[in-house]
Protein chains: 2
Amino acid sequence: MKVKIAIDAMGGDFGPEPIVKGTIAALKHYRFEPILVGKKEEILPLIPGGFKDKISIVEAEDVIAMSDAATDALKRKESSIYKAVDLVRNGEADGVVSAGHSGATMSVATLRLGRLKHVLRPALVTLMPNKNKKRTVLLDVGANVDCKPEHLAQFAVMGSCYAHDMWAITLPTVGLLANGEEETKGNDVTKGAFQKLRGMEGFVGNVEGRDIFNGSVDVVVCDGFIGNLVLKSSEGVASTITHLIKDYIRKSPIAITGALLMRKVFKLLKKELDYAEVGGAPLIGVKGCTIVSHGKSNSKAIKNAIKQAIDFVDTGVNVHIERALDATAK
Amino acid sequence: MKVKIAIDAMGGDFGPEPIVKGTIAALKHYRFEPILVGKKEEILPLIPGGFKDKISIVEAEDVIAMSDAATDALKRKESSIYKAVDLVRNGEADGVVSAGHSGATMSVATLRLGRLKHVLRPALVTLMPNKNKKRTVLLDVGANVDCKPEHLAQFAVMGSCYAHDMWAITLPTVGLLANGEEETKGNDVTKGAFQKLRGMEGFVGNVEGRDIFNGSVDVVVCDGFIGNLVLKSSEGVASTITHLIKDYIRKSPIAITGALLMRKVFKLLKKELDYAEVGGAPLIGVKGCTIVSHGKSNSKAIKNAIKQAIDFVDTGVNVHIERALDATAK
């Protein structure tokens, strides 16, 4: 049986076009059944003839805008995100992908789908590029601003299950993000989490900011406030480096020639750092499967977000998480 | 009268050599009197004949190693950092530069020199490279792990005074680092700080991680735990990008040629991102002047750290901070 993925066709910054395109690109590569949720009259013209019978559409007349409050999302039952999530809730889909309002997506998913057994708080997982041309699993990157030690400890367990199932790492190494490697380092919350994680298989203790990017550890755990800052700062650094390089190149004809010869290198680098290669951040700890994509997602990002959703469902990572948390709860 | 700078000659990872070299380089450019503190028999042979009468040496037989606990530093009165700080305490020097154990430097400086009037907690200031080829003032980057709103509010005032005096910015803009620009964003501590900062001249509200690097704000305020993570993550991103570029270049003769033609661009970029261009982080809020340099400082970093110390003393930023905090205390 094919995995069914509900896709919020309306929420992204660029309207339904990149989302429908990404869905079609995914259909060419992966086995799954897409259900596009949104305004039929906007979606239908974007689907080429040969794909019309491969894509279902569920009508939703309302769209939650980026400027709307996330708290309103639960009241807007006719919105594309609400209806897409409810397809998972009702068993009509296995997973949902949305490039819409991320706060709304997270709150609707958490409250309509419910948390997995034992999970105190779901967390948003992102995959950061690293030196080994692999990805480092970083969580939480925004679902929970103020965390307690027990939340971080659960993120460690969930992140480890995710890395194991999605990235086929036998025993993922897990580090706690802190201001130094020594056990005495950390703030009050991470110090408390450290005590709870002592003895967890794969736990390597505290890791530092640079360890997210040097490939020394598979999973890095932090609260959502810090995860957001690390994510945005890293994007800022990469963007500033690119800006400076372009600026210096512009001023020298020799450097322009050099840059042309290095075109392939810059292309490879861009691909390695490109958010679209990952496509979306799974909201982990919630029943079913929810992939939160960037509002600015292009069709490639949507295609890869759908792939993430398919793999998430296929690997059964949720069962693994419940079992792992069950073991730590005893 | 020349500014007198006490320099811990022993604490760095590479021993006294880069420190003495950096001091001599500074002497060639700036007007000041250096006092090197450490083992005379190691320092003396490193000073060329022509400089022997321009540099004083104060003997210190003990060195605090990077692996030593910062808490022991106050008991080790014969250590180079303790003696260097005490030269400032006793009025024999105006400022101190140390590339030694930063925890030890911060605690000895804070406790032996004392805090400025009204200052609850001193903060470590760093200068981050940005798109405008200027520097963004970021504090705290490691002096205070767990902060309260009133601490962050003081960091904002101190950072603003620093940017005004050291960078000649008439009215520095100050942002509070958070997970979104809206006033509703932030964790419990930053939300509290936001309320205290409302109405402060130059306060622009919340800023995001990317704003540290895009030059949109002069001063960015956060707690020392987060500042450390942002600092180390940024270094990690820059280092990973460099690593990937080198790796891709190596695999293509065309790209190698391109890289040769782009040599100047990479040199400019390196200079822009180079820590040594800044040289050290001032510990702000403490009487006198303390510049904390990286353990791995080369002679260029030491030279620039000394320049920072001279400017810090010359501008009288401490008087400005006390006056500004006095105004907010009323």
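Under the annotation held in an unreviewed UniProt entry, chain A carries the name Phosphate acyltransferase and is attributed to Sulfurimonas diazotrophicus. Chain A has a UniProt comment under Catalytic activity (unreviewed entry) that states "a fatty acyl-[ACP] + phosphate = an acyl phosphate + holo-[ACP]". For chain A, the Function (unreviewed entry) comment in UniProt is given as "Catalyzes the reversible formation of acyl-phosphate (acyl-PO(4)) from acyl-[acyl-carrier-protein] (acyl-ACP). This enzyme utilizes acyl-ACP as fatty acyl donor, but not acyl-CoA."

Two aromatic rings are characterised by how far apart their centres lie and by the angle between their planes. Residues and elements named next belong to chain A. Evaluated as defined, the whole model comprises 4 aromatic pairs over all chains. For the pair Tyr162 and Phe312, a centre-to-centre distance of 6.4 Å together with 45 degrees between the ring planes defines the contact as tilted. On the criterion of sequence distance, the pair formed by Tyr162 in helix H5 (residues 149-167) and Phe312 in helix H10 (residues 299-315) is long-range, its members being 150 residues apart. Taking the ring centre of Phe51 as reference, the NZ or CZ of Lys54 above it sits at 5.6 Å.

Between chain A and chain B, the residue contacts involve 51 residues of the former and 52 residues of the latter. Carbon and sulfur atoms supply 74% of the area buried between chain A and chain B, which totals about 4700 Å² over both sides. Applying the counting criterion to the chain A and chain B interface returns 2 salt bridges. In this structure, Lys232 of chain A engages Glu208 of chain B in a salt bridge whose closest nitrogen and oxygen atoms are separated by 2.2 Å. The element contributing the most residues to the side of chain A that touches chain B is helix H7 (residues 224-250) of chain A, with 20 residues.

Another aspect to go through is the sheet that holds strand E8 (residues 203-207) of chain B. All names here are of chain B. Strand order in the open sheet formed by 11 strands is E3-E2-E1-E4-E11-E10-E5-E6-E9-E7-E8, with mixed pairing between adjacent strands. What marks the edges here is a single partner per strand, and that holds for strand E3 (56-59) and E8. Between one strand axis and the next, the sheet turns by 25 degrees as a mean value, whatever way the strands run. For strand E10 (residues 281-284) and strand E11 (residues 290-292), the ladder comprises 2 bridges, and the chain directions are antiparallel. The partner of Pro282 across the bridge, within E11, is Ile291. Where helix H4 (residues 102-113) meets the sheet, it contacts strand E4 (95-98), strand E5 (123-129), E10 and E11, and its direction lies at approximately 170 degrees from that of E11.

Attention now moves to helix H10 (residues 299-315) of chain B. Residue and element names in this part refer to chain B. With 17 residues, H10 extends 24 Å from end C-alpha to end C-alpha; this agrees with the ideal 24 Å at 1.5 Å per step. Taken residue by residue, H10 has Ala301, Ile302, Lys303, Asn304, Ala305, Ile306, Gln308, Ala309, Ile310 and Phe312 as its buried positions. Downstream of H10 by one or two residues, Gly316 has phi in the positive range, about 65 degrees.

Attention shifts here to the domain arrangement of chain A. Residue and element names in this part refer to chain A. We note that the domain assignment places domain 1 (1-119 + 277-316) and domain 2 (124-251) within chain A. Between domain 1 and domain 2, the C-alpha centre-to-centre distance is 26 Å. With 16 residues of domain 1 at the contact, the number on the domain 2 side is 12 residues. Seen at the junction of domain 1 and domain 2, the total is 0 salt bridges. Summed over the shared surface of domain 1 and domain 2, the number is 3 residue pairs in polar contact (both at pLDDT 80 or more). Among the secondary structure elements, those contributing two or more residues to the side of domain 1 that touches domain 2 are strand E10 (281-284) and H10.

The rules behind these values
- Residues numbered from 1 in each chain as written.
- Chains lettered and ligands numbered in written order.
- Predicted model: local features only at pLDDT ≥ 70, side-chain atom pairs only at ≥ 80, totals over all residues.
- Heavy atoms only, no water.
- UniProt positions renumbered as here; feature names shortened; annotations may be inferred.
- Phe/Tyr/Trp six-rings, centres within 6.5 Å; stacked < 30°, edge-to-face > 60°.
- Helix = DSSP H or I, 4+ residues; strand = E, 2+ residues; numbered from the N terminus.
- Lys NZ or Arg CZ within 6 Å of the ring centre and 35° of its normal.
- Contact = heavy atoms within 4.5 Å.
- Buried area = accessible area lost by both parts, 1.4 Å probe.
- Salt bridge = Lys/Arg side-chain N within 4 Å of Asp/Glu carboxyl O.
- Pairing = 2+ DSSP bridges.
- Axes fitted to C-alpha atoms, helices over the stretch in contact; angles between N-to-C directions.
- Expected span 1.5 Å × (residues − 1).
- Buried < 20%, exposed > 50% of the residue type's maximum accessible area, 1.4 Å probe, protein only.
- Domains from an automatic or database assignment.
- Polar contact = N/O pair within 3.5 Å; in protein donor to acceptor, adjacent residues only side chain to side chain.

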